[in-house]
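# Tertiary structure, described
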There are 8 protein chains.
Amino acid sequence: GYAKLDTHRKIRSGFAEVIFCSGKADEHLRQIVGKLYEEEGEVFGTRASKEQYEMLKKTYPELEYDEISGIIKIEKKGKKQEGKIAVCTAGTADISVAEEAAQTAEYFGSRVERIYDVGVSGLHRLLARLDAIQSANCVIAIAGMEGALASVIGGLVDKPVIAVPTSVGYGANMHGLSALLTMINSCANGIAVVNIDNGYGAGYMATQINRLGVRHE
Amino acid sequence: GYAKLDTHRKIRSGFAEVIFCSGKADEHLRQIVGKLYEEEGEVFGTRASKEQYEMLKKTYPELEYDEISGIIKIEKKGKKQEGKIAVCTAGTADISVAEEAAQTAEYFGSRVERIYDVGVSGLHRLLARLDAIQSANCVIAIAGMEGALASVIGGLVDKPVIAVPTSVGYGANMHGLSALLTMINSCANGIAVVNIDNGYGAGYMATQINRLGVRHE
Amino acid sequence: GYAKLDTHRKIRSGFAEVIFCSGKADEHLRQIVGKLYEEEGEVFGTRASKEQYEMLKKTYPELEYDEISGIIKIEKKGKKQEGKIAVCTAGTADISVAEEAAQTAEYFGSRVERIYDVGVSGLHRLLARLDAIQSANCVIAIAGMEGALASVIGGLVDKPVIAVPTSVGYGANMHGLSALLTMINSCANGIAVVNIDNGYGAGYMATQINRLGVRHE
Amino acid sequence: GYAKLDTHRKIRSGFAEVIFCSGKADEHLRQIVGKLYEEEGEVFGTRASKEQYEMLKKTYPELEYDEISGIIKIEKKGKKQEGKIAVCTAGTADISVAEEAAQTAEYFGSRVERIYDVGVSGLHRLLARLDAIQSANCVIAIAGMEGALASVIGGLVDKPVIAVPTSVGYGANMHGLSALLTMINSCANGIAVVNIDNGYGAGYMATQINRLGVRHE
Amino acid sequence: GYAKLDTHRKIRSGFAEVIFCSGKADEHLRQIVGKLYEEEGEVFGTRASKEQYEMLKKTYPELEYDEISGIIKIEKKGKKQEGKIAVCTAGTADISVAEEAAQTAEYFGSRVERIYDVGVSGLHRLLARLDAIQSANCVIAIAGMEGALASVIGGLVDKPVIAVPTSVGYGANMHGLSALLTMINSCANGIAVVNIDNGYGAGYMATQINRLGVRHE
Amino acid sequence: GYAKLDTHRKIRSGFAEVIFCSGKADEHLRQIVGKLYEEEGEVFGTRASKEQYEMLKKTYPELEYDEISGIIKIEKKGKKQEGKIAVCTAGTADISVAEEAAQTAEYFGSRVERIYDVGVSGLHRLLARLDAIQSANCVIAIAGMEGALASVIGGLVDKPVIAVPTSVGYGANMHGLSALLTMINSCANGIAVVNIDNGYGAGYMATQINRLGVRHE
Amino acid sequence: GYAKLDTHRKIRSGFAEVIFCSGKADEHLRQIVGKLYEEEGEVFGTRASKEQYEMLKKTYPELEYDEISGIIKIEKKGKKQEGKIAVCTAGTADISVAEEAAQTAEYFGSRVERIYDVGVSGLHRLLARLDAIQSANCVIAIAGMEGALASVIGGLVDKPVIAVPTSVGYGANMHGLSALLTMINSCANGIAVVNIDNGYGAGYMATQINRLGVRHE
Amino acid sequence: GYAKLDTHRKIRSGFAEVIFCSGKADEHLRQIVGKLYEEEGEVFGTRASKEQYEMLKKTYPELEYDEISGIIKIEKKGKKQEGKIAVCTAGTADISVAEEAAQTAEYFGSRVERIYDVGVSGLHRLLARLDAIQSANCVIAIAGMEGALASVIGGLVDKPVIAVPTSVGYGANMHGLSALLTMINSCANGIAVVNIDNGYGAGYMATQINRLGVRHE
Ligand SMILES: Nc1ncnc2c1ncn2[C@@H]1O[C@H](COP(=O)(O)O)[C@@H](O)[C@H]1O
Ligand SMILES: Nc1ncnc2c1ncn2[C@@H]1O[C@H](COP(=O)(O)O)[C@@H](O)[C@H]1O
Ligand SMILES: Nc1ncnc2c1ncn2[C@@H]1O[C@H](COP(=O)(O)O)[C@@H](O)[C@H]1O
Ligand SMILES: Nc1ncnc2c1ncn2[C@@H]1O[C@H](COP(=O)(O)O)[C@@H](O)[C@H]1O
Ligand SMILES: [Mg+2]
Ligand SMILES: [Mg+2]
Ligand SMILES: [Mg+2]
Ligand SMILES: [Mg+2]
Ligand SMILES: [Mg+2]
Ligand SMILES: [Mg+2]
Ligand SMILES: [Mg+2]
Ligand SMILES: [Mg+2]
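Values in this document were obtained by computation on a predicted structure and should not be read as measured data.

With that settled, the discussion passes to the sheet that holds strand S3 (residues 64-66) of chain F. Residue and element names in this part refer to chain F. If you trace the four strands from one edge of the open sheet to the other, you get S1-S2-S4-S3, paired in mixed fashion. Edge strands, defined here as strands with exactly one partner in the open sheet, are strand S1 (19-20) and S3. One ladder, built from three bridges, connects strand S2 (residues 43-46) with strand S4 (residues 71-74); its direction is antiparallel. Residue pairing across strands places Phe44 opposite Lys73, the latter belonging to S4.

Next comes the structure, spelled out in structure tokens:
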């Protein structure tokens with residue numbers, strides 16, 4: 001087939017390949033799932049539609065699907081989750097992106113604490129959860145609309161913050177570009193930004209950071 | 001001359017004309033100052049350069065100049081300042097815009113409280129001044145870079161917030177467009193936005209709002 | 001559940017929470033409606049689809065739906081509407097946004113006068129309604145395409161104008177960004193701008209302003 | 001030399017070539033002026049700096065310079081100006097562009113009426129001059145900031161309107177792009193737009209239109 | 001009803017109102033068609049869908065529909081078409097916009113010559129029709145993609161050119177913005193631009209210009 | 001004075017305040033330097049001009065200045081540098097940003113290895129330094145123009161990569177926005193992005209990550 | 001009919017006309033296919049939908065369709081393919097564009113080598129195919145997301161590289177604009193760029209270049 | 001020093017390194033010139049200022065400088081120039097970019113024919129030079145403002161066209177982005193685009209193409 005599975009990746013990076021399901025043809029997707037499952041004994045895919053899940057389910061009845069995040073997976077039992085990543089969202093509409101981040105991080109062995117709907121328009125909600133946020137090795141701040149959450153969190157923690165702009169909002173949010181610009185221009189220190197709605201990328205990098213923190217805990 | 005002074009404006013709007021000095025030729029500027037002074041007995045101009053001030057000073061020795069905001073004025077004595085507008089900035093670099101807003105509002109009869117350098121990267125500074133902010137009839141929130149201050153204030157007060165994006169910052173701030181987008185997309189309620197660095201416009205509209213609040217105090 | 005209803009909001013801001021229905025899952029939406037109704041004795045939601053309305057109607061037969069604005073509500077009887085907000089539109093296509101603004105303001109206790117289809121391409125229509133506009137505590141100016149209405153109204157009234165750009169138009173209107181830029185750059189005084197199509201935000205802030213005007217009437 | 005003077009142009013288009021002086025090397029500019037003068041017995045250049053004028057003046061002492069518009073010219077005596085073009089501006093800062101338009105049209109034989117500083121923030125100024133505007137064969141509407149003037153004039157006349165956005169303004173005016181978008185999206189009929197600050201292009205096309213109107217007057 | 005039909009328009013501008021059908025509700029559209037038909041004895045609408053046509057056809061069996069341009073009309077018999085407007089397109093995909101322009105101009109009494117598919121990638125096609133183009137009072141140049149047609153025509157005629165960018169193309173054409181920018185920046189003289197796909201606006205203004213040319217023919 | 005020094009910051013974040021010198025008035029800058037020096041016994045500022053340095057030097061003769069990065073500092077002797085951050089640049093023009101990053105990280109106690117001028121147009125230069133890059137706890141990838149360096153490094157290491165777009169380049173680089181977009185859209189995993197030219201922000205966050213790696217080494 | 005088939009094109013350019021099927025009406029498309037087939041004895045179309053193919057198939061049963069690229073064709077037997085063009089993609093999602101490029105080049109007589117899924121996030125995949133790439137007369141580099149592939153290949157070959165940005169990606173990829181900017185700003189030499197997803201244009205120009213290389217092989 | 005001279009480049013690519021002088025420090029520039037001169041026996045730099053030239057001249061009295069293009073060079077005598085590249089410009093203001101392209105191509109051994117000031121606003125100038133353009137192996141089309149020249153040439157030749165947008169123009173040309181978009185969206189075949197003002201890149205790639213054509217002439 002055309003696609004070249006990157007089987008050296010795990011050795012090179014310490015992470016198995018993850019399947020980006022969106023837009024893949026059925027036949028193509030089944031082959032990739034099969035090959036990865038065989039080699040790794042587990043498999044993890046993002047942005048899967050319900051149709052893709054049901055198609056794959058016929059061949060792999062053990063496959064699980066999370067409708068909110070669009071994640072499919074077959075996961076080994078008894079994997080350990082170490083360290084701590086705090087995944088925060090501004091609103092409830094950001095939760096699909098947050099779950100992509102959280103479950104990616106968990107799949108790669110991080111312990112995750114979810115702190116959702118704590119946007120800056122009601123600051124007391126965020127302040128009430130500050131301890132949970134400050135005790136993480138890395139914080140993921142997820143927000144659409146004006147994306148101010150990242151700056152506020154950045155000013156409250158001493159650990160790196162990965163900011164994820166989301167496409168939540170309308171009008172001049174320009175499908176997430178507005179939140180992206182907010183986060184890139186943040187006046188707070190220790191913030192770096194990934195692509196709009198890229199929960200996967202945030203979960204991946206947060207795991208890299210979290211691993212540094214847990215290595216000798 | 002070409003320029004048509006809008007002498008009916010005060011009757012129509014309750015506000016005397018203010019001179020936008022930037023880019024005006026010397027001869028032109030002197031004429032306008034002269035005519036307004038004659039009609040109103042006072043005069044107020046924004047965005048004046050030091051050169052313009054010194055040129056005008058020769059004809060009007062009573063003229064005052066504020067270097068930070070670029071405001072020139074000759075003001076009647078004993079004018080009353082009523083109600084209350086809170087003018088807040090995220091950083092010290094936003095103060096020139098803030099002073100344009102504050103002095104405009106004061107010229108038009110509003111009482112102003114200045115609350116500067118309370119940006120969201122150090123939230124305790126803002127929370128320490130909350131009483132002062134919450135007791136105003138209208139709040140002006142001024143910030144550059146990512147402009148998150150407006151959202152945070154919007155969530156903490158029950159009065160209208162006028163947000164002023166500033167051109168403070170660099171790179172992807174795109175000369176203030178980033179802060180403007182942040183503020184327009186704010187998830188907090190009761191926020192409306194004026195042009196980048198438009199302290200004058202904010203001070204003017206805040207006065208309109210403040211007047212409603214003081215009318216029968 | 002994930003969503004944190006902001007039950008302190010009314011005390012903090014004087015406004016009950018309003019539900020942004022667009023994109024919410026059925027189950028989620030029903031819970032929020034239920035909880036708010038219970039606490040407030042009334043409920044108000046924006047951007048509801050007909051499907052959402054019909055789903056909710058089964059549980060709450062007293063729910064009303066306005067197809068033009070997409071507003072759902074159960075409202076207490078006999079609420080007073082005070083002061084005056086003028087809601088103006090440039091064309092008939094802007095009316096859905098105008099109704100979101102007007103009904104939000106009415107729900108929060110403002111008296112609203114509707115002045116629709118008075119765009120600047122036929123100025124006599126606007127001038128014929130000038131008295132109605134000038135007697136309001138606050139004017140909401142709603143326009144798509146080039147959005148010039150806000151500037152013209154701004155020059156004719158002495159009260160604050162909240163400008164709402166709409167996505168009405170085509171081509172270089174860029175889904176409302178063109179009207180937004182027009183309004184932000186307005187040469188008239190006393191204008192501030194909210195997000196594209198954000199009737200809710202304009203109605204909310206206009207109510208804050210109107211309340212200042214009526215407090216001691 | 002490199003530059004190819006387009007000597008067939010006058011036959012092809014009915015207009016002699018006009019020199020765009022900005023950025024031309026001194027030697028280059030002197031040659032072009034010389035060659036055109038020789039062939040036409042007159043010469044007309046736009047966007048000339050004072051330095052360029054003084055350099056050329058040495059060779060052509062009959063050369064005239066208009067500092068406001070940056071136009072240089074040696075014009076034949078006794079040329080007739082026919083028909084009528086109305087050149088309108090929103091503010092005084094737009095006058096340099098307006099003079100480029102007006103003097104271009106006059107050079108090519110159009111009669112011009114100047115109607116300056118009649119922007120929409122004070123509508124009475126425009127309405128006071130309506131007769132003068134409505135009696136022209138073509139109207140040039142020049143405005144920066146939000147550029148609403150073109151729409152308002154477009155709704156008041158039955159002749160074509162050429163809209164010229166200017167770079168006047170600051171912040172989100174984006175050096176004139178905002179006014180350009182306003183004018184391109186105008187809800188009024190009979191408006192077409194030229195480049196930002198392109199007074200020359202407007203004066204040229206207005207003359208083409210005016211000539212159609214005067215041909216058999 | 002909400003919509004204010006602009007019945008003074010014909011007197012003010014010499015043009016009857018034209019209906020922009022897109023997005024209008026059925027009931028609303030039928031009323032406007034009825035009212036205009038009654039007053040004018042004819043009716044003309046742009047951007048009508050087939051569904052709208054069929055709905056209206058039931059009440060007005062004499063209504064005609066042109067599928068390519070989306071124009072609906074009932075037109076008086078024996079109207080005269082005078083002068084000449086040349087309507088040129090770069091490709092066949094631009095024809096829907098061209099027909100909106102041509103039929104608008106014809107409805108308002110202009111004679112139109114159609115010169116389609118003469119884009120600059122095969123220059124001989126354009127040069128073969130040069131006489132037809134040069135004999136018009138006004139030329140409408142319609143092109144998508146890079147929109148170079150307007151510049152080439154502008155260099156070949158001595159009459160005003162109205163340039164219409166279209167949304168034809170893909171990728172970096174940005175839905176027509178690329179062609180719009182090309183045309184606004186044209187190096188040729190005598191070109192002005194209307195909104196993307198705005199055939200109506202071009203046909204309207206071309207008629208205004210053509211009328212000047214025919215007035216005393 | 002207006003500026004509020006954030007003296008609780010070190011406790012909250014583990015980092016002393018750093019001075020952003022650009023645009024600060026002399027008097028203001030001297031005060032802040034003085035106050036921080038007093039409290040911390042050392043001081044560190046970015047984006048200082050030579051003039052600012054010379055002004056401060058008079059009061060603080062022990063102040064050092066690095067012309068390439070614009071950093072001023074007075075640093076305590078014998079500070080330890082631990083762990084490892086690799087700072088990579090695509091070209092030599094990116095070195096000023098790289099030094100801002102590297103010296104910030106060193107000031108906060110990180111060991112830095114500089115790997116400059118290893119852009120992707122000559123891949124062998126990068127591959128020759130791979131060991132040095134792969135042994136770091138965190139990599140900073142700095143590039144202007146098309147910014148491809150971040151993606152290539154991201155595919156070669158298993159540690160987090162902080163990408164810094166620079167304004168190096170011309171034309172369609174749009175002052176660094178092009179490189180920013182490249183980096184945000186990277187197909188490689190484990191990359192997050194800071195503002196254009198923001199070496200400071202990258203050095204700060206890299207230190208946070210590096211500290212996690214060294215804590216128990 | 002309206003469309004003017006450019007029958008002189010083959011003589012002028014050495015290439016027969018290719019049909020851009022997208023958006024063409026059925027009747028129109030059938031006529032063009034018929035006319036070209038008659039004149040050339042073969043026919044080639046891009047961006048055909050399955051529906052268009054099936055419609056045409058009824059009249060031309062010998063027509064072939066490639067679902068991945070959307071290409072329809074009837075090709076003469078025994079055509080020679082000479083020289084060599086290397087067509088490279090970053091990911092599997094770019095293959096539809098790559099096939100449009102490859103099959104266009106093959107139709108016009110070029111020999112093509114396909115090198116797919118060799119994006120920069122796993123550099124070893126690209127390096128493994130270097131010989132194949134370096135032996136081509138021209139390389140086509142196709143990539144979405146951040147588009148870094150073109151720069152890396154540009155640094156490794158001594159032949160011209162045609163870069164094709166694709167719309168593959170999400171969020172800040174802005175439908176391919178991000179990859180386009182990356183490629184236009186490439187720091188490597190010998191790269192030029194065509195429109196987003198324009199496989200056809202790349203295949204055409206690569207053939208022009210390849211023909212120069214094979215002319216006297 | 002920091003800069004790594006790419007001494008393997010000539011072997012890898014067949015082209016010696018060229019120095020991009022703009023922004024390089026004097027000391028740095030002198031070293032690079034020295035090292036390249038030593039290794040190659042000749043040296044070639046672009047975007048040099050007069051100051052840089054005079055500084056270098058002291059050490060290398062044989063250095064030549066072309067003020068129009070900003071090129072510095074010491075070139076071996078008797079180098080052969082083969083094949084043919086046509087370098088075309090729309091206006092005289094584009095000549096500085098054209099000379100960067102032409103002299104780069106000549107330095108690398110191509111024969112160049114210059115065809116300047118043949119923009120589309122006066123098509124006869126271009127048509128008069130058609131033979132010269134059609135006989136080249138590769139055409140470089142250079143234009144600012146609306147950049148239509150590339151499309152027109154693309155339709156007239158059967159060889160590859162490299163389009164160079166220039167920053168010439170004002171207003172909505174957005175410093176060359178408008179011309180870039182025009183060229184990328186060209187409706188003509190066989191056109192690819194390099195960065196704004198990138199004469200060097202065009203001359204380099206044209207040479208690669210020309211070499212293919214001359215290899216066996
Ligand atoms: N949601 C996601 N967003 C961005 N990248 C992803 C996502 N999920 C998986 N990936 C990456 O995409 C790669 C697969 O891309 P492809 O070769 O097109 O199948 C994986 O190796 C992951 O690195
Ligand atoms: N049409 C609207 N546009 C913008 N904000 C709205 C709108 N309707 C309601 N809201 C706000 O959105 C908040 C709810 O957002 P969420 O937490 O996502 O449910 C409410 O508290 C309102 O302040
Ligand atoms: N295709 C069109 N594009 C732009 N404006 C149009 C078009 N068709 C009609 N119009 C204008 O739109 C106005 C009607 O707008 P409305 O008041 O929203 O019905 C008419 O008076 C025309 O001037
Ligand atoms: N005018 C130019 N535009 C773009 N790239 C250039 C130009 N002149 C030289 N170059 C390239 O820039 C490289 C040198 O860049 P640097 O390493 O920053 O000195 C050379 O190897 C050339 O490939
Ligand atoms: Mg909420
Ligand atoms: Mg501060
Ligand atoms: Mg209407
Ligand atoms: Mg004025
Ligand atoms: Mg065609
Ligand atoms: Mg280098
Ligand atoms: Mg892959
Ligand atoms: Mg010329």
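Structure shown, so let's carry the discussion forward.
Our next topic: helix H4 (residues 95-107) of chain G. All names here are of chain G. Its 13 residues give H4 an end-to-end C-alpha distance of 18 Å, which sits within 8% of 18 Å, the value for a rise of 1.5 Å per residue. Among the 13 residues in H4, 12 count as buried, and that is most of the element. By the burial criterion, the buried members of H4 are Ile95, Val97, Ala98, Glu99, Glu100, Ala101, Ala102, Gln103, Thr104, Ala105, Glu106 and Tyr107. At the C-terminal side of H4, Gly109 shows a positive phi close to 100°.

The next subject is the pairing of strand S4 (residues 71-74) of chain A. All names here are of chain A. Of the two faces of S4, both are covered, the one formed by Ile71 and Lys73 as well as the one formed by Ile72 and Ile74. Relative to S4, strand S3 (residues 64-66) runs antiparallel, the two sharing three bridges. Note that in S4 the partner of Glu64 across the bridge is Lys73. Hairpin geometry of S3 and S4 is characterised by an intervening segment of four residues between the two adjacent antiparallel strands and by a positive phi of about 75° at Gly70.

Going through the model one piece at a time under the given rule, you end up with 72 aromatic pairs over all chains. For the pair Phe15 of chain A and Tyr204 of chain A, a centre-to-centre distance of 4.0 Å together with 25° between the ring planes defines the contact as stacked. Of this pair, Phe15 of chain A sits in the loop between helix H1 (9-13) and strand S1 (19-20) while Tyr204 of chain A sits in helix H9 (residues 199-214), placing them 189 residues apart in sequence. Tyr204 of chain A carries the same exposure label as Phe15 of chain A, and that label is buried. Measuring from centroid to centroid gives 6.0 Å for Tyr200 of chain C and Tyr204 of chain C, while their planes differ by 55°, and the two rings are tilted. Remark: Tyr204 of chain C and Tyr200 of chain C occur in helix H9 (residues 199-214); sequence separation between them is four residues, near one turn of the helix.

Moving on to the site of ligand 1. The environment of ligand 1 is formed by 13 residues, the closest being Val18, Lys24 and Thr46 of chain A, Asn189 of chain F together with Tyr170 of chain G. More than one chain lines the surroundings of ligand 1; the residues nearby belong to chains A, F and G. Between an oxygen atom of ligand 1 and a side-chain N or O atom of Glu17 of chain A, the distance comes to 3.1 Å. Within the side chain of Asn189 of chain F, one N or O atom sits 2.7 Å away from an oxygen atom of ligand 1. With the chains in place, 83% of the 510 Å² that ligand 1 exposes on its own is no longer accessible. Considered class by class, the residues forming the shell around ligand 1 number four nonpolar, four polar and five charged.

Time to look at the packing of helix H2 (residues 26-40) of chain H against helix H3 (residues 50-59) of chain H. Residue and element names in this part refer to chain H. Where H2 contacts H3, the axes come no closer than 10 Å and their chain directions differ by 50°. If you check the angle between H2 and H3, you find them oblique. For the crossing formed where H2 meets H3, the hand is right-handed. Residues Asp26, Leu29, Arg30 and Val33 of H2 touch H3, and the partners they reach there are Gln52, Met55, Leu56 and Thr59.

Turning to the confidence of the model for chain A, a few remarks are in order. Mean pLDDT for chain A: 93, with 94% of residues reaching 70 or above. Confidence estimates for the predicted assembly give a pTM of 0.95 and an ipTM of 0.94.

On to the relation of the copies chain A and chain F. The two copies are related by a screw operation: chain A maps onto chain F through 180° of rotation and 0.0 Å of translation along the axis, at an RMSD of 0.0 Å. What we have between these two chains is a two-fold relation. Interface overlap between copies: 100% of the residues of chain A at the interface are likewise at the interface in chain F, consistent with a symmetric, same-surface contact.

Okay, the UniProt feature "domain: PurE" (unreviewed entry) in chain A next. Per the UniProt record, the feature "domain: PurE" (unreviewed entry) sits at residues 83-215 of chain A. Secondary structure across residues 83-215 of chain A comprises 40% helix and 20% strand; the distance between its end C-alpha atoms is 9 Å.

Another point: the relation of the copies chain F and chain B. Superposing chain F onto chain B takes a rotation of 90° plus a shift of 0.0 Å along the axis, which leaves an RMSD of 0.0 Å. Taken together, the rotation angle and the small translation identify this as a four-fold axis. Residue Met174 of chain F of chain F places its C-alpha closer to the rotation axis than any other residue of that unit, at 7.2 Å.

Glancing now at the pattern of salt bridges. All names here are of chain G. Evaluated as defined, the whole model comprises 104 salt bridges over all chains. The partner of Glu113 in a salt bridge is Arg129, with the nearest N and O atoms 3.7 Å apart. Of this pair, Glu113 sits in strand S6 (residues 110-115) while Arg129 sits in the loop between helix H5 (123-127) and helix H6 (130-134), and the two are 16 residues apart along the sequence. The class for Glu113 is partly exposed, based on a relative accessible area of 24%.

Accessible area lost during the coming together of the parts is what is often quoted as the interface size. The partner chain B presents 13 residues to the 15 residues of chain F that form the contact. Both sides together, the interface formed by chain F and chain B hides about 1200 Å², and carbon and sulfur atoms give 60% of it. Summed over the shared surface of chain F and chain B, the number is three residue pairs in polar contact (both at pLDDT 80 or more). For the side of chain F that touches chain B, the residue count by class is six nonpolar, three polar and six charged.

A few words now on the interface of chain A and chain F. Taken together, the contact between chain A and chain F spans 29 residues of the former and 29 residues of the latter. Of the roughly 2800 Å² buried between chain A and chain F, counting both surfaces, carbon and sulfur atoms make up 59%. Across the chain A-chain F interface, the total number found is zero salt bridges. The interface formed by chain A and chain F contains seven residue pairs in polar contact (both at pLDDT 80 or more). Contributing elements (two or more residues each) for the side of chain A that touches chain F: H1, strand S8 (161-165), helix H8 (177-184), strand S9 (191-193) and H9 of chain A. By residue number, the principal contributor to the side of chain A that touches chain F is H9 of chain A, which donates seven residues. Classifying every residue of the side of chain A that touches chain F gives 14 nonpolar, 10 polar and five charged.

This part is about the arrangement of the chains. A gap remains between chain B and chain E, which never touch, and the nearest two C-alpha atoms on either side lie 20 Å apart. At their nearest point, the C-alpha atoms of chain C and chain G are still 14 Å apart, with no contact between the two.

Residues and elements named next belong to chain C. Taken together, the four strands give an open sheet; going across it, the order is S1-S2-S4-S3, and neighbouring strands pair in mixed fashion. Of all the strands in the sheet, just strand S1 (19-20) and strand S3 (64-66) have a single pairing partner and so form its edges. Relative to strand S2 (residues 43-46), S1 runs parallel, the two being bridged by two bridges. If you follow Phe20 over to S2, its bridge partner there is Thr46. Packed onto the sheet, helix H4 (residues 95-107) meets S2, S3 and strand S4 (71-74) and runs at close to 165° relative to S2.

If you check the backbone angles, Met174 of chain C has positive phi at about 45° while not being a glycine. Owing to a relative accessible area of 24%, Met174 of chain C belongs among the partly exposed residues under this scheme. Even without glycine at this site, His175 of chain H takes up a positive phi of about 55°. Position of His175 of chain H among the secondary structure elements: in the loop between strand S8 (161-165) and helix H8 (177-184).

Residues and elements named next belong to chain B. Across the interface, helix H4 (residues 95-107) lies against helix H9 (residues 199-214) with an axial gap of 7 Å and an inter-helix angle of 35°. Two packed elements cross with a definite hand, and for H4 against H9 that hand is right-handed. Each of Val97, Glu100, Ala101, Thr104 and Ala105 in H4 lies in contact with H9, whose residues at this interface are Gly199, Tyr200, Gly203, Tyr204 and Thr207. Looking at the contact of H4 with H9 residue by residue, the class counts come to five nonpolar, four polar and one charged.

All names here are of chain C. Mapping Val168 onto the fold places it in the loop between strand S8 (161-165) and helix H8 (177-184). Separated by 25 residues in sequence, Val168 and Ala143 have C-alpha atoms that sit 7.8 Å apart. Val168 has contacts with Ala93, Asp94, Gly144, Met145 and Asn173, leaving out every residue within four places of it along the chain.

Below, the discussion takes up the environment of Val43 of chain C. Residue and element names in this part refer to chain C. Residue position: Val43 is located in strand S2. When its relative accessible area of 3% is taken as the criterion, Val43 is described as buried. C-alpha separation for the pair Val43 and Lys159, spaced 116 residues apart in sequence, amounts to 31 Å. Those residues in contact with Val43, other than ones at most four positions away along the chain, are Ile19, Val33, Leu36, Tyr37, Leu63, Ile72, Lys73, Ile74 and Tyr107.

How each quantity is defined
- Residues numbered from 1 in each chain as written.
- Chains lettered and ligands numbered in written order.
- Predicted model: local features only at pLDDT ≥ 70, side-chain atom pairs only at ≥ 80, totals over all residues.
- Heavy atoms only, no water.
- Pairing = 2+ DSSP bridges.
- Helix = DSSP H or I, 4+ residues; strand = E, 2+ residues; numbered from the N terminus.
- Expected span 1.5 Å × (residues − 1).
- Buried < 20%, exposed > 50% of the residue type's maximum accessible area, 1.4 Å probe, protein only.
- Phe/Tyr/Trp six-rings, centres within 6.5 Å; stacked < 30°, edge-to-face > 60°.
- Near = heavy atom within 4 Å.
- Polar contact = N/O pair within 3.5 Å; in protein donor to acceptor, adjacent residues only side chain to side chain.
- Areas by Shrake-Rupley, 256 points an atom, 1.4 Å probe, with all protein chains shown as cover.
- Nonpolar A, V, L, I, M, F, W, Y, C, P; charged D, E, K, R; others polar.
- Axes fitted to C-alpha atoms, helices over the stretch in contact; angles between N-to-C directions.
- Parallel < 35°, antiparallel > 145°, perpendicular 65-115°, else oblique.
- Left-handed = near helix turned anticlockwise from the far one by under 90°.
- Contact = heavy atoms within 4.5 Å.
- pLDDT = per-residue confidence, 0-100.
- Least-squares fit on C-alpha atoms with pLDDT ≥ 70 in both.
- UniProt positions renumbered as here; feature names shortened; annotations may be inferred.
- Salt bridge = Lys/Arg side-chain N within 4 Å of Asp/Glu carboxyl O.
- Buried area = accessible area lost by both parts, 1.4 Å probe.

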